[in-house]
Amino acid sequence: MKFNNYAAGRWVARLGGLLVTMSLVGCGVVPKPFVDPHLRDVDASQFKKPDPIHPVQLLFDFKTKGVENPKATDVLKARVADQVAKSGLFGAISEAPVQGGALLTITVDHVAVDGSDGMGKAFASGLTFGLVGTAVTDGYIADGNYVAPGASTPIVKEVRHAIHTMIGNHEPPPGAVASPSLEEAATTMLHQVVSHLLNDISHDPAFR
Amino acid sequence: MTHSSGFSVARTAHIALVAGLGAMLLGCASQMVQPTATPSTVQSLRTANLTSARAGTFALAPGKDGGLDKSVSMRASSLEPRTGSFSQDLRDRIVAELKASGLYDDASSAVIDAQLTESSVDTGISQGNARLAARFSVTRDGKRVFEKELVVESVWESSFIGAVAIPAAKRGYEGLYPALANKLFADPDFRAALAR
């Protein structure tokens, strides 16, 4: 499976550039990201390991409001593949079909939660040098779909997560976990939703 | 297909908006990404009971401006094909979906061809839109068994701010490729043409 690990590094670099860019476009206030507290990582030791394990075809997809986002998919798929490989739930992992026909698909859809014009509010925060704060919540709906070898009915699981971004003088939601950067917040969110999907799938009675 | 973009600075900073933003503000061109199979399309194709096929000739439709196949402009920025032409990028997308579904065979007598007929983006001010269209055909054992032009369109909330509008336009346009592939594979006539 040829996933592009280099892309993750480029992503970090671009994110740094993005923060600089944001100051240039007039915001003037650095956003402070917080990962929603309701979903934490599930350690792989808690997964219910099958015996024997089987190879699996893995497909990952990132969407923005229900629409395919090939660029984000390309950047993030290596991280998801790495996490699935370390889960201990499967044998070899491939983007191509595998012997036995097992297929695991993971889709993360980035959705708006607050439904507000966040850009307008953010500009207000910038123009007041952060005295007027803004909170924006981004939601993520992650779906896991696993077809076991020889099975026709998939195991389907869903988890939801959120990242809250504070711009200017605004308190985060209670219990929200501060991240040093937006990139780390997104990484944490993705790892947590995938760990929950894998855990839920592994404990499904039909999992093998 | 409807595609509305996030408008907040926070969303701008999220994964979906990250790619290429710095370059875009400098007026640079960026490239399409290498296609990977779409889960929903593969799930659908795996149960469709189709015969294996191969991709044949994908090219710009006759009479169309050559620039249509080479670049789409988005204000001061542009998006260019990864392979040198959008029609070849579309071919790669079709191949990626078929391979992941176990339905691609280089030696198959069932051949999918396509002519790119539309490729456009309008970043807009309050609303952006993009369109992609191709005339697909399927030949089996030398006989044409399917021919149809398929169109997909994406509409999203845009902005007068380029830092928001351009990434949204790129997402909106690039997302049309998996959408067009999915539309082809879901077409009942296409499925009849490739039925086992």
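This text follows the structure it describes.
A few points on the structure. On a predicted model such as this, the values are computed, not experimentally measured, just so you know. (Residues numbered from 1 in each chain as written. Chains lettered and ligands numbered in written order. Predicted model: local features only at pLDDT ≥ 70, side-chain atom pairs only at ≥ 80, totals over all residues. Heavy atoms only, no water.)

Quick word on the sheet that holds strand S4 (residues 77–80) of chain B
All names here are of chain B.
Piece 1. The three strands are arranged S1-S4-S3 in an open sheet whose pairing can be described as mixed. Whereas interior strands pair on both sides, the edge strands pair on one side only; in this sheet they are strand S1 (29–31) and strand S3 (72–74). Averaged over neighbouring strand pairs, the angle between their axes works out to 25 degrees when direction is ignored.
Piece 2. As defined by bridge partners, S3 adjoins S4 across three bridges and the pair is classed as antiparallel. Counterpart to Val72 in the pairing with S4 is Leu79.
Piece 3. Against the sheet, helix H6 (residues 162–174) engages S1, S3 and S4, with an angle of about 155 degrees to S3. (Pairing = 2+ DSSP bridges. Helix = DSSP H or I, 4+ residues; strand = E, 2+ residues; numbered from the N terminus. Axes fitted to C-alpha atoms, helices over the stretch in contact; angles between N-to-C directions. Contact = heavy atoms within 4.5 Å.)

A few points about the pairing of strand S5 (residues 103–112) of chain A
For a regular strand, side-chain orientation follows a simple rule: the groups alternate between the two sheet faces.
Residue and element names in this part refer to chain A.
Piece 1. Burial within S5 is extensive, with eight of its ten residues counted as buried.
Piece 2. Here strand S2 (residues 56–64) runs beside S5; their pairing, made up of eight bridges, is parallel. The residue of S5 that forms the bridge with Gln57 is Leu103.
Piece 3. Where S5 meets strand S6 (residues 134–147), ten bridges bridge the pair, whose relative direction is antiparallel. Directly across from Asp109, in S6, lies its bridge partner Ile141. (Buried < 20%, exposed > 50% of the residue type's maximum accessible area, 1.4 Å probe, protein only.)

A closer look at the sheet that holds strand S5 (residues 110–122) of chain B
All names here are of chain B.
Piece 1. An order of S2-S5-S6-S7 is seen for the four strands of this open sheet, with the pairing classed as mixed. Bordering the open sheet on either side are strand S2 (54–60) and strand S7 (143–157), each of which pairs with just one other strand. For this sheet the average axis-to-axis angle between neighbouring strands, irrespective of direction, equals 20 degrees.
Piece 2. Pairing of strand S6 (residues 127–140) with S7 involves 14 bridges; the strand directions are antiparallel. Each residue of the ladder has a partner; that of Arg131, found in S7, is Glu153.

Quick look at the side chain of A:Ser179
Residues and elements named next belong to chain A.
Piece 1. The topology assignment puts Ser179 in the loop between strand S8 (177–178) and helix H4 (182–202).
Piece 2. Classification of Ser179 as buried rests on a relative accessible area of 12%.
Piece 3. If we ignore the near neighbours within four places in the chain, the residues touching Ser179 are Pro33, Val35, Glu184 and Ala185.

Notes on the pattern of salt bridges
Piece 1. Per the counting criterion, the structure on display carries 13 salt bridges over all chains.
Piece 2. Between A:Arg160 and A:Glu158 there is a salt bridge, and its shortest N-O distance comes to 2.8 Å.
Piece 3. The partly exposed category is assigned to A:Glu158, whose relative accessible area is 43%.
Piece 4. Of the charged contacts in the structure, one is a salt bridge between B:Asp189 and B:Lys148, with a shortest N-O distance of 2.8 Å. Of the two residues, B:Asp189 sits in helix H8 (residues 188–193) while B:Lys148 sits in strand S7, which places them 41 residues apart along the sequence.
Piece 5. On the accessibility criterion, B:Asp189 (41% relative accessible area) is partly exposed.
Piece 6. Through salt bridges with shared partners, one network takes in B:Glu118, B:Arg131 and B:Glu153. (Salt bridge = Lys/Arg side-chain N within 4 Å of Asp/Glu carboxyl O.)

Quick look at the packing of aromatic side chains
Piece 1. On inspection of all chains with the given rule, the structure shows eight aromatic pairs over all chains.
Piece 2. Among the aromatic residues, ring-to-ring pairing joins A:Phe90, A:Tyr146 and A:Phe207 into one connected group. (Phe/Tyr/Trp six-rings, centres within 6.5 Å; stacked < 30°, edge-to-face > 60°.)

Quick notes on the nonpolar core
Piece 1. Counting residues in hydrophobic clusters, the biggest one holds 45 residues, and the most contacted among them are B:Ile94, B:Ile112, B:Phe136, B:Tyr173 and B:Leu184.
Piece 2. Among the elements that line this core, the one with the most residues is helix H7 (residues 176–186) of chain B, at seven residues. (Core = buried A, V, L, I, M, F, W, Y, C linked by side-chain atoms within 4.5 Å.)

Some remarks on helix H2 (residues 70–85) of chain A
Residue and element names in this part refer to chain A.
Piece 1. Here H2 contains 16 residues, and its C-alpha end-to-end distance of 22 Å stays within 8% of the 22 Å for a straight helix at 1.5 Å per residue.
Piece 2. Considering bend angle alone, the principal kink of H2 is centred on Leu76 and spans about 40 degrees.
Piece 3. Burial of H2 is extensive: 14 of the 16 residues sit out of reach of the surface. (Expected span 1.5 Å × (residues − 1). Bend = angle between axes of the 7 residues up to and from the residue.)

Focus on the environment of A:Val75
Residue and element names in this part refer to chain A.
Piece 1. Counting through the fold element by element, Val75 comes out in helix H2.
Piece 2. Judged by relative accessible area, which is 9%, Val75 ranks as buried.
Piece 3. Each C-alpha atom of the pair Val75 and Pro205 lies 33 Å from the other, and the pair is 130 residues apart in sequence.

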